[in-house]
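So the chains spell out like this:
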Amino acid sequence: MAEWNKTTIGELCDSISNTYHAKDAEVVLVNTSDVLDGKVLSHNYTPNRNLKGQFKKTFIKDDILYSEIRPANRRFAFIDFDDTGRYIASTKLMVIRARKDKIRPKFLFAILKSNEIVLQLQHLAETRSGTFPQITFSSELAPMEINLPDLETQDRIVTILDAVDGKLNANSVINNNLQAQAQAIYEDMFSAHASDAWAQGTLSDIAEIIMGQSPSGDSYNENGNGMVFFQGRAEFGTRFPTIRLYTTEPKRIAKENDVLMSVRAPVGDLNIAHEDCCIGRGLGALRAKTNHQSFLLYTLFALQPQLNVFNGEGTVFGSINRDALNRLPLVIPFSEVIDRFEKIVAPMDAAIRANHDESCRLIALRDTLLAKLMGGEIDVSEVEI
């Protein structure tokens, strides 16, 4: 087996703070909420005039974006695309660049996203004084000691991990395609072929709305004691939220398969409850009054322009209350049309859920494998690349 040498993370990479100065008409703003467990979630352009003060950092391919706030939320991403010229990262995201003569960028990212490192950083963040559990590159990350193999061994380990990540990416592509198809079916059935005979109604006609209420802070824990607790959008993933906290004193409960909506800025972001859970005041849960949960979900996607009004310019903290949600106007199709949509789309949503569950199992396998690979417990010298 290859020899592993002790070093520090600070000796293997740099924290980059290059400021964006270009005058492009449109740019992509990347906040901490726009990265999750390896990926940049948002690639949407916005007018440069909307550039906020906290968006300043540039980055390039093979860089790593890593949130300074609450490392346990896994808000980090590996930049695997070239066209980064008009991307700007928040100052709350560290831009970490590998010294390629010492460490492969993907191997560095594997280290930084490993459970061992994330848990250490979360502990360090919680011991610092401040409003949020926070870390910095120089104080917490750079001094951390790791064991590092030679570049050839790094390449072999990255190849093994890429095989698992390839399947995860395939599941993600399938799920994105399924959701896009479902939204296209909704658009065709309920917009392109809408009927004047359909009733005018409000969201309260088709959905029960439960607004979140945060339990006592003393009841929070991360060791699985009590009920899963989601505070707000910070735990949202691409479709299902990431579990971070539990509470022994749940107040407001969302049921499995309820639609979770962010009711504080940004208002209207959606996820699906993977299981019964407690929701905090940053979320609402919406449940179909009839057995048409898929119809409700894609109706909420279609209502995004109305929900975006509550994030209006000049509003520091956008929000929406239960009354305003209840009053959102919408057209209610005939029940037989909704039934037909549900029969087509509900199985697609079930497939998305099944792929997500498989990905969760693969992530658990990958994390177990990663710990053994990083600890040198598995000899990768015979792995064919």
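This text gives an overview of the structure that appears in the document. Each chain carries its own residue numbering, running from 1 in the direction its sequence is written. Only residues with pLDDT of 70 or above have their local features reported here, since the model is predicted, and side-chain atom pairs are shown and tallied only from 80 upward, although totals for entire chains, interfaces and linings are computed over all residues. Heavy atoms throughout the structure, all of them, feed into the side-chain values; hydrogens and water do not.

A separate point is the sheet that holds strand S3 (residues 26-30). The strand order across the open sheet built from four strands is S6-S3-S10-S7, with neighbouring strands paired in mixed fashion. Edge positions in the sheet fall to strand S6 (45-47) and strand S7 (55-57), since each of these pairs with one other strand and no more. On average, each strand axis in the sheet is inclined to that of its neighbour by 55°, with strand direction left out of account. At least two DSSP bridges between two strands are required for those strands to pair. Helix numbers and strand numbers start at the N terminus; a helix is a DSSP run of H or I with at least 4 residues, a strand a run of E with at least 2. By the bridge criterion, two bridges tie S7 to strand S10 (residues 87-90) in an arrangement that is antiparallel. Bridge pairing links Phe 55 to Ser 90 in S10. Lines fitted to C-alpha atoms define the axes here, with helix axes fitted over just the stretch in contact, and angles between the N-to-C directions of these axes take values from 0 to 180 degrees.

By convention in these notes, a salt bridge is any Lys or Arg side-chain nitrogen within 4 Å of a carboxyl oxygen on Asp or Glu. Inspection of the entire model under this criterion finds 23 salt bridges. With its nearest N and O atoms 2.9 Å apart, the salt bridge here joins Asp 155 to Arg 104. With a gap of 51 residues between them, Asp 155 in helix H4 (residues 151-192) and Arg 104 in the loop between strand S11 (93-98) and helix H1 (105-112) connect regions that are remote in the sequence. The rule is simple: take the accessible area with a 1.4 Å probe, protein chains only, and divide by the maximum for that residue type; under 20% is buried, over 50% is exposed, in between is partly exposed. Its relative accessible area of 28% is what places Arg 104 among the partly exposed residues. In this structure, Asp 165 and Lys 113 form a salt bridge, with 3.8 Å as the shortest nitrogen-oxygen distance. Remark: Lys 113 occurs in the loop between H1 and helix H2 (115-127) and Asp 165 occurs in helix H4; sequence separation between them is 52 residues. Each of Lys 113, Asp 165, Arg 366 and Asp 367 takes part in a single network of salt bridges with overlapping partners.

So, on to the sheet that holds strand S17 (residues 245-247). Strand order in this open sheet of five strands is S15-S17-S16-S21-S18, and the pairing throughout is mixed. Each edge of the open sheet is held by one strand with a lone partner, namely strand S15 (220-221) and strand S18 (253-254). Strand direction decides the pairing type here: strand S16 (residues 227-230) and strand S21 (residues 277-279), joined by two bridges, are parallel. Among the inter-strand pairings, Phe 229 is bridged to a residue of S21, identified as Cys 278.

Moving on to the side chain of Asp 367. With respect to the element layout, Asp 367 can be found in helix H8 (residues 335-374). For Asp 367, a relative accessible area of 15% gives the class buried. Only 3.5 Å separates the side chain of Asp 367 from the side chain of Arg 366, close enough to count as a polar contact. Counting of polar contacts relies on pairs of N or O atoms within 3.5 Å, with two restrictions inside protein: one atom must be capable of donating a hydrogen and the other of accepting it, and residues adjacent in sequence are counted only when both atoms are side-chain atoms.

On to the state of the cysteines. The term disulfide is used for any two cysteine sulfur atoms that are within 2.5 Å. For the structure shown, the criterion picks out zero disulfides. Between Cys 278, a cysteine without a disulfide, and Cys 277, which holds the nearest cysteine sulfur, the sulfur-to-sulfur distance is 7.7 Å. Judged by relative accessible area, which is 0%, Cys 278 ranks as buried.

Further remarks concern the pairing of S10. Across three bridges, S3 lies against S10 in parallel orientation. In the sheet register, Leu 29 faces S10, and the bridge partner there is Ile 88.

Take the environment of Val 380 next. As for its position among the elements, Val 380 is in the segment after H8. Val 380 sits 226 residues away from Gln 154 along the chain, and the two C-alpha atoms are 9.4 Å apart. If we ignore the near neighbours within four places in the chain, the residues touching Val 380 are Thr 153, Arg 156, Ile 157, Ile 160 and Leu 373. In what follows, residue pairs with any heavy atoms lying within 4.5 Å of each other are defined as contacts.

To continue, consider the side chain of Thr 8. Of note, Thr 8 is situated in strand S1 (residues 5-8). Apart from the residues within four sequence positions on either side, Thr 8 is in contact with Ala 142, Pro 143, Met 144 and Glu 145.

Remark: nonpolar core denotes a set of buried residues (Ala, Val, Leu, Ile, Met, Phe, Trp, Tyr, Cys) joined through side-chain atoms within 4.5 Å. If you look at the biggest cluster of nonpolar residues, it comprises 39 residues, and the most contacted ones within it are Leu 203, Leu 286, Leu 300 and Leu 325. It is H8 that contributes the most residues to this core, six residues altogether. Once residues within four sequence positions are removed from consideration, Leu 203 is found in contact with Ile 209, Leu 286, Leu 296, Leu 300, Leu 303, Leu 325, Asn 326, Leu 328 and Leu 330. Counting 35 residues, the second-largest nonpolar core is a separate cluster that includes Cys 13, Phe 109, Ala 125 and Leu 370.

Residues Ala 265 and Pro 266 are joined by a peptide bond in cis, for which omega reads -5°. Along the polypeptide, Pro 266 turns up in the loop between strand S19 (259-262) and strand S20 (270-272). A positive phi is found at Asp 37, a non-glycine position, where the angle reads about 45°. Tracing the chain through its elements places Asp 37 in the loop between strand S4 (35-36) and strand S5 (39-40). You can call Asp 37 partly exposed: its relative accessible area is 24%. Residue Arg 74 is not a glycine yet carries a positive backbone phi of 60°. Among the secondary structure elements, Arg 74 is positioned in the loop between strand S8 (64-67) and strand S9 (76-78). On the basis of relative accessibility, which here comes to 12%, the residue Arg 74 falls in the buried class.

Okay, H8 next. To estimate how far a helix should reach, multiply one less than its number of residues by 1.5 Å. A rise of 1.5 Å per residue sets the reference length of H8, with its 40 residues, at 58 Å; its end C-alpha atoms lie 56 Å apart and thus fit the reference within 8%. At Lys 343, H8 shows its largest bend, some 30°, and a proline, Pro 347, comes one to four positions later. Two residues or fewer past H8, Gly 376 is found with a positive phi of approximately 70°. Note on bend: at a given residue it equals the angle between the axes fitted to the 7 residues ending there and to the 7 starting there.

On to the environment of Asn 225, then. Residue position: Asn 225 is located in the loop between S15 and S16. When the C-alpha positions of Asn 225 and Tyr 246 are compared, they lie 6.1 Å apart, and in sequence the two are 21 residues distant. When neighbours within four sequence positions are excluded, Asn 225 is seen to be in contact with Tyr 246, Thr 247 and Thr 248.

The quantities given are spatial measurements derived from coordinates; they are silent on function.
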